[in-house]
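Here is what each chain is made of, one letter per residue.
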Number of protein chains: 2
Amino acid sequence: MYSQRLFKLGDQASPIRELFNYGQEQARILGPDKVFDFTIGNPSIPLPDVLTEALEDIIKECDPVALHSYSVSAGHPSARKAVADNLNERFGTNYGPQNLYFTCGAAAALCATFAALTYDENSEFIALAPYFPEYHNFVETKGGKFVAVANAPDFRLNLEALEAAINPHTQAVIVNSPNNPSGKVYSEEEIKDLARLLERKSKEYNKPIYIVTDEPYRELVYGGLKVPFIPNYYRDTIVCYSYSKLYSLPGERIGYVLVPPELTDSESVYKAIAGAARTQGYVCAPVLFQRLIERYPDFPVDFSLYELNREKLSTSLKEIGYECVEPEGAFYLFLKAPSGDGSEFSKLAKEKNVLVVPGVGFGCRDYVRVSYCVPTERIERAMPLFAELYQASK
Amino acid sequence: MYSQRLFKLGDQASPIRELFNYGQEQARILGPDKVFDFTIGNPSIPLPDVLTEALEDIIKECDPVALHSYSVSAGHPSARKAVADNLNERFGTNYGPQNLYFTCGAAAALCATFAALTYDENSEFIALAPYFPEYHNFVETKGGKFVAVANAPDFRLNLEALEAAINPHTQAVIVNSPNNPSGKVYSEEEIKDLARLLERKSKEYNKPIYIVTDEPYRELVYGGLKVPFIPNYYRDTIVCYSYSKLYSLPGERIGYVLVPPELTDSESVYKAIAGAARTQGYVCAPVLFQRLIERYPDFPVDFSLYELNREKLSTSLKEIGYECVEPEGAFYLFLKAPSGDGSEFSKLAKEKNVLVVPGVGFGCRDYVRVSYCVPTERIERAMPLFAELYQASK
């Protein structure tokens, strides 16, 4: 006798993961050059050498007992201070260590945040489609209600639809910009509009409607695009961050929740997040990587490989005739299936060993997601197959 | 508006942590040599050099993209195989990677396991006092009921009391041997008796009553004492393990759940644990340390510092007149307060800057816990104060 609900969750592989596993198996059977895997968002740019050296230095220099011992749950104060100082320098804010809670990656940060904001069984959390599929589980397994609102076809914020979905039970709106899977970066105007809407609704309902912004791709933008730092536009913003994509450390699990001092009930919300983390069996974030982040809370990583891939992918696909919105950040392209059925397109593509994730899990069934954190030649060699698929599915 | 329940959990520091923080503060004010901190179970023996070198080798040799990328959620299959092979060699078992699920430490392993076994709101989990205080939260935040049963004064298994507490709602008995805080190691006889009892009750209720064994101190035993490997005595045993204490890596968060193939509904329980991990915002265990564990799933660590401390501490305390049961494993001594009031004793000790954790949180209010993973001289210099405390509290 065991939990049926959790059995189902564990039994059902994420569609992304399932396709990825299939790709691994096909690569074993046919050879890796015969499979064109565009599924997983596994960063393909290495951790910068200077950070690898820092890792080696930390291990060499630090007494191992001190190095590997527990930190306080929220993370080493000095490491949190380094992150806070860096954010303050970049965004003109006034954060301190007390506003940061380190977590094992952004997934854990989001789970703790949603749990903390789940006031009762009616608490609602709104995500803007397309959205990262796991938000649904993260919210609903904490007892809240997950609500999806479709953004515009060009992935711009759909404020009318959002306003219609907001009601007195709404606890938070989940923002993910740069967006997985579309690569959309909300402009300053869009953020201001969003802030105005939520301020108005918060007043109307006499309670704060929080923004929970999930921003692991914050630094991963193209063409020098500015990404508005949302807490500077809306005070009731909680930031969930991870170093997985910036530093290509997704397996090491290091991220944080930022609870700005200006947030309504800031200290209490921070404590609720700490309480939530505790119920997740969380003790502290991996300490070796806390030390690394302390030395390098930020770093000018060279993303030109992703830039090249983005350009190649979207240009080639457009030349074939596909409709696609140019991604502005992250390393995914959300591609409209020519037939309008993303699941069907993914299935046909799979038969050619081109692996792209159906958009239905992201809230947009007429799309597929193409990850371009891959070797450039994989994009080049897959293009003839994308052309065949286009002809076949028109 | 945020979760009141989680706010309370986050607001209430663990008594261990609170005392530790106080000690840190006092050390800053008075100087570290004036404070005698026996609170936290932070391992004081360094990670063996050979493992530090392995860490350095892994970083040097592995391509950083491959090294730091996501593993599958359960952990790299080769790393799981290394752990399984090692367990099989040591315990004559037949485990494979499919029986292991890596987690961010034992706390996460326990949370996932309790969640998976929480069948409905009546599900009960029995812990044997003295027990690790966090078990209470781990169980109850998953919706289950935590039940404490007092072991015998010498910390031997109290089977009569346990039997009386078992009922049709009992999902599992939590075993922690070597025990935190008492250092007790259940003998083979005690384990066999426990197994017999649970087999009988499982038959009676026509459902498996699981043992969840929390064993981070499995290798940390004295005098060559044999620690029975519980799955070899009772098939419905789930093992939660962590490398925190063996390798002094508590901050790096690397452990696992072992679900033996012989367990009733083994594959389904494994999947429920995977589902539970997913709801905890877990993606994978820190991959650098997965690689380390793959190279060294086991290692003959030299625990003679702990052995020396154990001997000094228990001999000196007994000489003063204290009653204490000699710990057989781990690095804690559970000391009977001469007045019979552990909280009072802890308070008086605190006034002398001797920091010991009240036993009430462990389910035994007449005791205090003394951690001896400390520099040996701290024990020596604290003894006169322990003597004063003995006189004062008789």
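Numbering of residues begins from 1 in every chain and follows the order in which that chain's sequence is written. Here every chain gets a letter starting at A, and every ligand a number starting at 1, in the order they are written. Local features in a predicted model are, by the rule used here, given only for residues with pLDDT of at least 70; side-chain atom pairs are given and counted only at 80 or more, and totals for whole chains, interfaces and linings are based on all residues. Here the side-chain values reflect all heavy atoms present in the structure, with hydrogen atoms and water set aside.

(A) Summary view of the interface of chain B and chain A. Taken residue by residue, the interface counts 75 residues in chain B and 75 residues in chain A. With both sides pooled, the region where chain B packs onto chain A buries about 6,100 Å², and carbon together with sulfur makes up 61% of that total. Basic side-chain nitrogens of Lys or Arg form a salt bridge, by our definition, when they fall within 4 Å of a carboxyl oxygen of Asp or Glu. Joining chain B to chain A, the criterion identifies six salt bridges. The residue Asp 11 of chain A makes a salt bridge to Lys 271 of chain B at a minimum N-O spacing of 2.8 Å. For the purposes of these results, a polar contact is taken to be a pair of N or O atoms within 3.5 Å, where, inside protein, one atom must be able to donate a hydrogen and its partner to accept one; residues adjacent in sequence count only when each atom of the pair is a side-chain atom. Along the contact surface separating chain B from chain A lie 33 residue pairs in polar contact (both at pLDDT 80 or more). Elements that contribute at least two residues to the side of chain B that touches chain A include exactly helix H1 (4–11), helix H3 (49–61), helix H4 (64–68), helix H6 (105–117), helix H7 (134–140), helix H10 (266–279) and helix H11 (287–295) of chain B. Comment: elements are numbered from the N terminus, with helices defined as DSSP H or I runs of at least four residues and strands as E runs of at least two. If one sorts the elements of the side of chain B that touches chain A by residue count, H10 of chain B sits on top with nine residues. Throughout, a residue-residue contact means that at least one pair of heavy atoms, one from each residue, lies within 4.5 Å. Take the accessible area each of two parts loses on contact, using a 1.4 Å probe, and add the two losses: that sum is the buried area.

(B) Quick peek at the nonpolar core. Among the nonpolar cores identified, the biggest contains 230 residues, and Phe 38 and Phe 386 of chain A together with Phe 38 and Phe 386 of chain B are the most heavily contacted of them. Among all residues touching Phe 38 of chain A, those that are not within four sequence positions of it are Val 354, Leu 355, Val 356, Arg 369, Val 370, Ser 371, Val 374, Arg 378, Ile 379, Ala 382 and Phe 386 of chain A. We call a set of buried residues a nonpolar core when its members are Ala, Val, Leu, Ile, Met, Phe, Trp, Tyr or Cys and they connect through side-chain atoms within 4.5 Å of each other. Throughout this description, buried means an accessible area under 20% of the type-specific maximum (1.4 Å probe, protein chains only), exposed means over 50%, and partly exposed covers the range between. Val 149, Val 173, Leu 198 and Tyr 205 of chain A belong to the second largest nonpolar core, which has 21 residues in total.

(C) Representation of the side chain of Ser 371 of chain A within the structure. All names here are of chain A. Assignment of secondary structure puts Ser 371 in strand E12 (residues 367–371). On the basis of relative accessibility, which here comes to 0%, the residue Ser 371 falls in the buried class. There is a polar contact of 2.9 Å between the side chain of Ser 371 and the backbone oxygen of Thr 39.

(D) Just the packing of H6 of chain B against H10 of chain B, in detail. Residue and element names in this part refer to chain B. An axis is simply a line fitted to the C-alpha atoms; with a helix, the fit covers only the stretch in contact. Between two such axes, the angle follows the N-to-C directions and lies from 0 to 180 degrees. Following both chains from N to C, one finds H6 and H10 inclined at 120°, their axes separated by 8 Å at the closest point. Viewed along their axes, H6 and H10 adopt a mutual orientation that is oblique. As H6 packs across H10, the resulting crossing turns out to be right-handed. Of H10, the residues touching H6 (which contributes Ala 112, Thr 113, Ala 115, Ala 116 and Leu 117) are Val 269, Ala 272, Ile 273, Ala 276 and Ala 277. Put simply, angles under 35 degrees are roughly parallel, angles over 145 are roughly antiparallel, angles from 65 to 115 are roughly perpendicular, and the rest are oblique. Less than a right angle of anticlockwise turn of the near helix away from the far helix marks a crossing as left-handed, whereas a clockwise turn marks it as right-handed.

(E) The arrangement of the environment of Leu 220 of chain B in detail. All names here are of chain B. Here Leu 220 shows up in the loop between strand E6 (210–214) and strand E7 (237–242). The class for Leu 220 is buried, based on a relative accessible area of 3%. Residues Leu 220 and Gly 275, spaced 55 residues apart in sequence, show a C-alpha to C-alpha distance of 31 Å. Ignoring any residue separated from it by four or fewer positions in sequence, one finds Leu 220 in contact with Pro 178, Phe 303, Tyr 306, Gly 329, Ala 330 and Phe 331.

(F) Summary view of the sheet that holds strand E2 (residues 100–103) of chain B. All names here are of chain B. For two strands to count as paired, DSSP must find a minimum of two bridges between them. As summarised here, the arrangement of the seven strands in space is E2-E8-E7-E6-E5-E3-E4, forming an open sheet in which the pairing is mixed. Strand pairing shows two members of the sheet lacking a second neighbour, E2 and strand E4 (145–150), which therefore form its edges. Adjacent strand axes in the sheet meet at a mean angle of 20°, parallel and antiparallel pairs treated alike. Where E7 and strand E8 (residues 255–258) come together, four bridges link them in antiparallel fashion. Among the inter-strand pairings, Val 239 is bridged to a residue of E8, identified as Leu 258. Set on the sheet, H6 makes contact with E2, strand E3 (124–129), strand E5 (170–175), E6, E7 and E8; between it and E7 the angle comes to about 155°.

(G) Geometry of helix H5 (residues 77–91) of chain B. Residues and elements named next belong to chain B. If you check H5, its first and last C-alpha atoms are 21 Å apart, about what 15 residues at 1.5 Å a residue would give, namely 21 Å. The set of residues buried in H5 consists of Ala 79, Arg 80, Ala 82, Val 83, Ala 84, Asn 86, Leu 87, Asn 88 and Phe 91. On its buried face, H5 is in contact with E2, E8, H10 and H11. Under the convention used throughout, the expected extent of a helix is 1.5 Å for every residue step, that is, one less than its residue count.

(H) Geometry of the pattern of salt bridges. A complete count under the given rule lists 46 salt bridges over all chains for this structure. The partner of Arg 200 of chain A in a salt bridge is Glu 163 of chain A, with the nearest N and O atoms 2.9 Å apart. A residue pair is termed long-range when its members are at least 10 positions apart, and Arg 200 of chain A in helix H9 (residues 188–205) and Glu 163 of chain A in helix H8 (residues 159–165) qualify at 37 residues. A relative accessible area of 28% places Glu 163 of chain A in the partly exposed class. One salt bridge in this structure joins Glu 388 of chain B and Lys 352 of chain B, with 2.8 Å as the shortest N-O distance. Placement of the pair is Glu 388 of chain B in helix H14 (residues 376–393) and Lys 352 of chain B in the loop between helix H13 (342–351) and strand E10 (354–355), with a sequence separation of 36 residues.

(I) Structural view of the relation of the copies chain B and chain A. Mapping chain B onto chain A is achieved by rotating through 180° and translating by 0.0 Å along the same axis, at an RMSD of 0.0 Å. Such a combination of rotation and displacement between the chain copies is what one expects of a two-fold axis. Considering only C-alpha atoms, the part of chain B nearest the rotation axis is Gln 280 of chain B, at 2.5 Å. Of all interface residues in chain B, 100% are interface residues in chain A too; the two copies therefore contact each other through one and the same surface. Our superposition of the copies is a least-squares fit, built on the C-alpha atoms of residues whose pLDDT is at least 70 in both.

(J) Structural context of the environment of Lys 245 of chain A. On the secondary structure map, Lys 245 of chain A appears in the loop between strand E7 (237–242) and strand E8 (255–258). A C-alpha to C-alpha distance of 9.5 Å links Lys 245 of chain A and Phe 331 of chain A, two positions 86 residues apart in sequence. Ignoring any residue separated from it by four or fewer positions in sequence, one finds Lys 245 of chain A in contact with Gly 41, Pro 43, Pro 216, Tyr 217, Phe 303, Phe 331 and Tyr 332 of chain A together with Tyr 70 of chain B.

(K) Highlighting the packing of aromatic side chains. Residue and element names in this part refer to chain A. Stacked, tilted and edge-to-face are the three classes applied to pairs of Phe, Tyr and Trp rings, where Trp contributes its six-membered ring and a pair requires centres within 6.5 Å; stacked means planes under 30 degrees apart, edge-to-face means over 60, and tilted covers the rest. In total, this model carries 52 aromatic pairs over all chains according to the counting rule given. Both rings, one in Phe 91 and one in Phe 229, keep their centres 4.0 Å apart while their planes meet at 0°; by these two values the pair is stacked. With Phe 91 in helix H5 (residues 77–91) and Phe 229 in the loop between strand E6 (210–214) and E7, this residue pair connects regions lying 138 residues apart in the sequence. Of the two residues, Phe 91 and Phe 229, both sit in the buried class. When the ring of Tyr 101 is compared with that of Tyr 282, the centres are 5.8 Å apart and the planes differ by 45°; the resulting orientation is tilted. Within this pair, whereas Tyr 101 is found in strand E2 (residues 100–103), its partner Tyr 282 is found in the loop between helix H10 (266–279) and helix H11 (287–295), the two being separated by 181 residues in sequence.

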